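Topology and contacts: notes
So you can see what is in the structure, the chains are spelled out below.
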Amino acid sequence: MPQIISDFAFLPFGGGPRKCLGDQFALMESTIALALLLHRFDAELRYPPEYMEAVTEATIHTKDGLWCKLRKRRPNAVNR
Ligand code: HEM
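Conventions used here
Residues numbered from 1 in each chain as written. Predicted model: local features only at pLDDT ≥ 70, side-chain atom pairs only at ≥ 80, totals over all residues. Heavy atoms only, no water. Helix = DSSP H or I, 4+ residues; strand = E, 2+ residues; numbered from the N terminus. Contact = heavy atoms within 4.5 Å. UniProt positions renumbered as here; feature names shortened; annotations may be inferred. Salt bridge = Lys/Arg side-chain N within 4 Å of Asp/Glu carboxyl O. Buried < 20%, exposed > 50% of the residue type's maximum accessible area, 1.4 Å probe, protein only.

Right, let's talk about the environment of Leu 66 for a bit. You can see Leu 66 is positioned in the loop between β3 (60-62) and β4 (68-72). Separated by 14 residues in the primary sequence, Leu 66 and Met 52 have C-alpha atoms spaced 7.2 Å apart. In this view, Leu 66 contacts Leu 45 and Met 52; residues no more than four positions away in its chain are not counted.

Under the feature "binding site: heme" (unreviewed entry), the UniProt entry names Cys 20. Its place among the elements puts Cys 20 in the segment before α1 (23-40).

As a further point, take the pattern of salt bridges. All told, the structure shown has 4 salt bridges when counted by the stated rule. With a shortest N-O distance of 2.5 Å, Lys 19 and Asp 23 are connected by a salt bridge. Relative accessible area serves as the criterion here: at 36%, Lys 19 is assigned to the partly exposed category. Asp 23 gets classed as buried once you look at its relative accessible area, which sits at 10%. For Glu 44, the salt bridge identified is with Arg 71, shortest N-O distance 3.0 Å. On the criterion of sequence distance, the pair formed by Glu 44 in strand β1 (residues 41-45) and Arg 71 in strand β4 is long-range, its members being 27 residues apart.

This is the structure we're talking about:
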């Protein structure tokens, strides 16, 4: 079942008059970085997603990382 995220549960760039100036740049940069990575590698989680624990500190992150198996994609391979 999809999880409902309440308003203001996700505030990685802060808010109000001192909110991050680079938020749009950072989102664009991370989207491009992820696209480049997935263009070159297939990723598969090493453990079922239920094993992933989230920790809330200054940022919300995984407790022990998000371990994946990366397999280099063949150039020009078509994914079906
Ligand atoms: C994933 C990347 C980034 C994250 C998670 C992030 C997060 C934040 C957070 C939480 C704040 C404090 C906001 C507040 O006090 O409410 C902040 C402030 C700021 N960030 Fe970022 N930031 C990121 C990338 C960037 C980039 C790429 C730039 C510049 C190109 C940038 C420039 C700034 C500046 C100048 C402030 C101070 C704004 C002020 O005090 O008026 N940040 N950022």
